[in-house]
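Below, each chain spelled out in residue letters.
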Amino acid sequence: MNKMTLRALPALLLLAFSGAASAAAFQLLEQNASGLGTAYAGSAAVADNASTIYFNPAGMTQLGGYQLSAGLTGVRPNYEYRDQAGVKSGGDAGSWGAVPNAYLSGQLTKDLFVGVGVSAPFGLATEYDSAWAGRLIAIKSKITTVNLNPSIAYRVNDKVSLGFGLNYQKIDAELTRTVV
């Protein structure tokens, strides 16, 4: 019975939380260059540059003076449609895109820090040829977001820092199709 419980529990947890994975197709995790280099392992704990604002604003207390972190990541997805017979239609709907990010943190006093981040955490663009099989449903679909992240942090002592940040996101969408 114990073996069954140990197998069933992970399966039930996977089933319970698998719905959250469906939104990942729009996620752009290119939030900073240093995070890309480590696959974001420990990003909430590592405060080595101003991009800590995105994952952990309290990390600003580990930085001195003013810090700027900025980056631009190129993304090139590939989307091809094939019908049930395996016939391609619409060409490659993917194209090059740029994912920008910038973070600025500043130390106002010995223990008070402020910062702001600008990033694009979600986005997607597809554009099929105008004569493709699904043209009545979609030709061009484009979603872009901009995330503004003002933050503040206070160093209580050498062991404890408190941070607070707001995320304001704006989304724009463009959807086109052929109308008969």
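These numbers were taken from a predicted model, which means no experiment stands behind them.

(A) Molecular detail of the side chain of Thr126. Within the secondary structure layout, Thr126 lies in strand S6 (residues 123-127). A relative accessible area of 14% places Thr126 in the buried class. Residues contacting Thr126, with those up to four places away along its chain left out, are Tyr79, Ala93, Ile139, Lys140 and Ser141.

(B) Geometry of the packing of aromatic side chains. By the definition in use, this model includes three aromatic pairs. Between Tyr81 and Trp132 the ring centres are 5.2 Å apart and the planes differ by 75°, which places this aromatic pair in the edge-to-face class. Residue Tyr81 is found in strand S2 (residues 80-82), and its partner Trp132 is found in the loop between S6 and strand S7 (140-155); the two are separated by 51 residues along the sequence. By relative accessible area, which is 30% here, Tyr81 ends up partly exposed. By relative accessible area, which is 9% here, Trp132 ends up buried. Between Tyr128 and Trp132 the ring centres are 4.0 Å apart and the planes differ by 20°, which places this aromatic pair in the stacked class. Summarising the burial analysis for this pair, Tyr128 and Trp132 share the class buried. Members of the aromatic cluster, each reached through a chain of ring pairs, are Tyr81, Tyr128 and Trp132.

(C) The arrangement of the pattern of salt bridges in detail. Inspection of every chain in the model, using the stated rule, returns seven salt bridges. A salt bridge links Arg155 to Asp111, with the nearest nitrogen and oxygen atoms 3.2 Å apart. Note that Arg155 is positioned in strand S7 and Asp111 in the loop between strand S4 (97-107) and strand S5 (112-119), a separation of 44 residues in sequence. By relative accessible area, which is 16% here, Asp111 ends up buried.

(D) Local environment of the confidence of the model for the chain. Averaged over all residues, the pLDDT of the chain equals 85, while 81% of them reach at least 70. For the chain, helix H2 (residues 33-37) is the element with the lowest average pLDDT, namely 63, and S5 is the one with the highest, namely 97.

(E) View of the environment of Leu124. Position of Leu124 relative to the elements: it lies in strand S6. Owing to a relative accessible area of 26%, Leu124 belongs among the partly exposed residues under this scheme. Sequence separation between Leu124 and Thr144 is 20 residues, and the spatial gap between their C-alpha atoms is 6.8 Å.

(F) Summary view of the pairing of S7. Examined bridge by bridge, S5 and S7 share eight bridges and lie antiparallel to one another. In the sheet register, Ser119 faces S7, and the bridge partner there is Asn147. Sheet topology places S6 next to S7; five bridges connect them, and they run antiparallel. Bridge assignment links Thr126 to a residue of S7, and that residue is Ser141. Pairing between S7 and strand S9 (residues 168-176): nine bridges, direction antiparallel. Bridge assignment links Ser141 to a residue of S9, and that residue is Leu175. Sheet topology note: the S7/strand S8 (residues 161-165) ladder contains five bridges and is antiparallel. Note that in S8 the partner of Tyr154 across the bridge is Leu162. Counted along the chain from S7 to the antiparallel partner S8, the turn is five residues long.

(G) Region of interest: a nonpolar patch on the surface. A surface patch of nonpolar side chains, about 530 Å² in accessible area, is lined by Tyr66, Leu68, Leu104, Leu108 and Val116. Positionally, Tyr66 belongs in strand S1 (residues 66-75).

What counts and how
Residues numbered from 1 in each chain as written. Predicted model: local features only at pLDDT ≥ 70, side-chain atom pairs only at ≥ 80, totals over all residues. Heavy atoms only, no water. Helix = DSSP H or I, 4+ residues; strand = E, 2+ residues; numbered from the N terminus. Buried < 20%, exposed > 50% of the residue type's maximum accessible area, 1.4 Å probe, protein only. Contact = heavy atoms within 4.5 Å. Phe/Tyr/Trp six-rings, centres within 6.5 Å; stacked < 30°, edge-to-face > 60°. Salt bridge = Lys/Arg side-chain N within 4 Å of Asp/Glu carboxyl O. pLDDT = per-residue confidence, 0-100. Pairing = 2+ DSSP bridges. Patch = residues over 30% accessible without salt bridge, like charges linked within 9 Å, V, L, I, M, F, W, Y side chains within 5 Å. Areas by Shrake-Rupley, 256 points an atom, 1.4 Å probe, with all protein chains shown as cover.

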